[in-house]
Amino acid sequence: MAQSAQMVGNRRIETVDMLRGFALAGLFLVHVMESFELHWMHPVSEPASDAVFMLLMGKSFALLAMCFGFSFFILMDRAEKRGEDFTARFAWRLTLLFGIATIHSYIYRGDIMQTLALLGFPLLLVNRIRDNRIILAMAIFCLAGPVGIAQIAISWFTGYAGPGNPPTHWQDPAMRVYLHGNYWDVLRANLWIGQWPKWWYAIESGRMVQIFGLYLVGLLLGRVGFFADPGRYTRQRWIAFALIGGFAFVMYFALHPLIDAFRAAGWSEGAVRAFTWLIGSYYDFAGSMTWMLVIIALSRTFVRHILQPLVPMGRLTLTLYVAQSVICLPLFYGFGLALHDKLDAMGRLWLGLGGIALQMIFAAVWLRYFRYGPLEWVWRALTYWGRRVPLLKREKPAEPTAF
């Protein structure tokens, strides 16, 4: 969830802010369509929600993780060019993010920033590897889904039905609290029992390994100047779009026929479940990269003006992400308006789109007068403890603007 300034010289790379803004908007729309998790207690298939889940679920999150890896590169690279070692300060920065995320998780247990912060620490070691081919191999390994492959192999050779049988994260006693409890019940649940299903899902589905692979992709794209000089990679982008977009198309339509075939062949439910997660991770990665390539291509045309409102959102990612939960949970949860069972999919879609529009307006107006969002400023000020970090635009910076 890094909000660092992506810059070439003294100029931000607006395309990266645009990508981050798109990822945040997509993630918010998914959360609204699933009523901030409550939809999954009694899921109902409707065209509007099915379309949003197909196009954005998992893809927005993956795109956000990739942007985190790129932001890491920018911070470390610019510090290195100034002759500074940013390792310790970045570790402190991650610690602060984890603290902010933990507080946020007490409001909404589905917080993703805790995971993003924790997985940022290994990047500090990987960044010392100068051979991009090694990092590429590591990224391929992570994105190949070693957890899912191992689960399939175990199930296939031993007949074991998979971890938890059913998976541990399916045991979720907190969900009924979210549906019917008051605010203090929700808070108590989020302090403990609500957290376990989230972490078990990240482990059992292989999502944590996939996130780290996405970090490595962002780091590599930064090293090769993919965003700093997009014109240099025009031909490669179109080739990648054809290959990755085609792969996503095949993964989406092949999944269910393959599941039916494997069940007919006698695969255990554990193996089928692991295979479903594995193919889902491939589809999410391919979908996120397809969105990235599409947005980069559109940002180099007249459509850029239509996408421009995403840029301020991308600069206030942390503030807006937390604000989404603070505002929307009372709308959907039992302690508030309990809209989770009162709005159909089209109603939630319009609510989500309206919320995105309001966030765009707020971010644009805020950044007319301020350098950073409220939480971005707090994060930055604590990162550079002892230095003056101006918030108002009229104040002169007391530290390098690259950060």
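Scroll up to find the structure this text is about.
Residues numbered from 1 in each chain as written. Predicted model: local features only at pLDDT ≥ 70, side-chain atom pairs only at ≥ 80, totals over all residues. Heavy atoms only, no water.

Draft legend 1. Quick peek at the nonpolar core. Membership of the largest hydrophobic core comes to 109 residues, with the highest contact counts inside it found for Met 66, Phe 90, Tyr 215, Phe 227, Met 292 and Tyr 333. In terms of residue count, helix H3 (residues 59–81) provides more of this core than any other element does, 15 residues in total. Discounting chain neighbours no more than four positions away, the residues touching Met 66 are Leu 214, Val 217, Gly 218, Leu 221, Phe 227, Met 289 and Met 292. Membership of the second largest hydrophobic core comes to 15 residues, among which are Ile 152, Ala 274, Tyr 283 and Ala 286. (Core = buried A, V, L, I, M, F, W, Y, C linked by side-chain atoms within 4.5 Å. Buried < 20%, exposed > 50% of the residue type's maximum accessible area, 1.4 Å probe, protein only. Helix = DSSP H or I, 4+ residues; strand = E, 2+ residues; numbered from the N terminus. Contact = heavy atoms within 4.5 Å.)

Draft legend 2. Quick peek at the packing of helix H12 (residues 207–223) against helix H14 (residues 269–298). Two elements in contact, H12 and H14, have axes separated by 12 Å at closest approach and are oriented at 25°. The angle between H12 and H14 places the two elements in the roughly parallel class. As H12 runs across H14, the sense of the crossing is right-handed. Mapping the contact onto sequence places Gln 210, Leu 214, Val 217 and Leu 221 in H12 and Ser 281, Asp 284, Phe 285, Met 289 and Met 292 in H14. Considering only residue class, the contact of H12 with H14 consists of six nonpolar, two polar and one charged. (Axes fitted to C-alpha atoms, helices over the stretch in contact; angles between N-to-C directions. Parallel < 35°, antiparallel > 145°, perpendicular 65-115°, else oblique. Left-handed = near helix turned anticlockwise from the far one by under 90°. Nonpolar A, V, L, I, M, F, W, Y, C, P; charged D, E, K, R; others polar.)

Draft legend 3. Representation of the packing of aromatic side chains in the model. If you walk through the whole model with that rule in mind, you get 26 aromatic pairs. Here Phe 68 and Tyr 215 contribute two aromatic rings whose centre-to-centre distance is 4.7 Å and whose plane-to-plane angle is 15°, an arrangement assigned as stacked. Placement of the pair is Phe 68 in helix H3 and Tyr 215 in helix H12, with a sequence separation of 147 residues. Grouping residues by exposure puts Phe 68 and Tyr 215 together as buried. (Phe/Tyr/Trp six-rings, centres within 6.5 Å; stacked < 30°, edge-to-face > 60°.)

Draft legend 4. Structural context of a nonpolar patch on the surface. Side chains of Tyr 106, Leu 191, Trp 192, Ile 193, Trp 196, Trp 200 and Ile 203 sit close together on the surface and give an oily, nonpolar patch of about 700 Å² of accessible area. For the nonpolar patch, the element with the highest residue contribution is helix H11 (residues 195–204), accounting for three residues. With respect to the helices and strands, the residue Leu 191 is situated in helix H10 (residues 183–191). A relative accessible area of 45% means that Leu 191 is categorised as partly exposed. (Patch = residues over 30% accessible without salt bridge, like charges linked within 9 Å, V, L, I, M, F, W, Y side chains within 5 Å. Areas by Shrake-Rupley, 256 points an atom, 1.4 Å probe, with all protein chains shown as cover. Salt bridge = Lys/Arg side-chain N within 4 Å of Asp/Glu carboxyl O.)

Draft legend 5. Representation of the pattern of salt bridges within the structure. Applying the stated criterion to the full structure yields 11 salt bridges. Note that Glu 14 is salt-bridged to Arg 304, the shortest N-O span being 3.1 Å. Taken together, the residues Glu 14 in helix H1 (residues 14–33) and Arg 304 in helix H15 (residues 304–307) connect sequence positions 290 residues apart. Across the salt bridge formed by Lys 59 and Asp 284, the nearest N and O atoms sit 3.2 Å from each other. One end of the pair, Lys 59, is in helix H3; the other, Asp 284, is in helix H14, and 225 residues separate them in sequence. Of the two residues examined, Lys 59 and Asp 284, each falls in the buried class. If you follow the salt bridges from partner to partner, you end up with Glu 37, Arg 109 and Asp 172 in one network.

Draft legend 6. Quick look at helix H19 (residues 374–383). Among the residues making up H19, those that are buried are Glu 376, Trp 379, Arg 380, Ala 381 and Thr 383. Check the buried side of H19 and you find it contacts helix H4 (87–107), helix H16 (310–315) and helix H17 (317–332).

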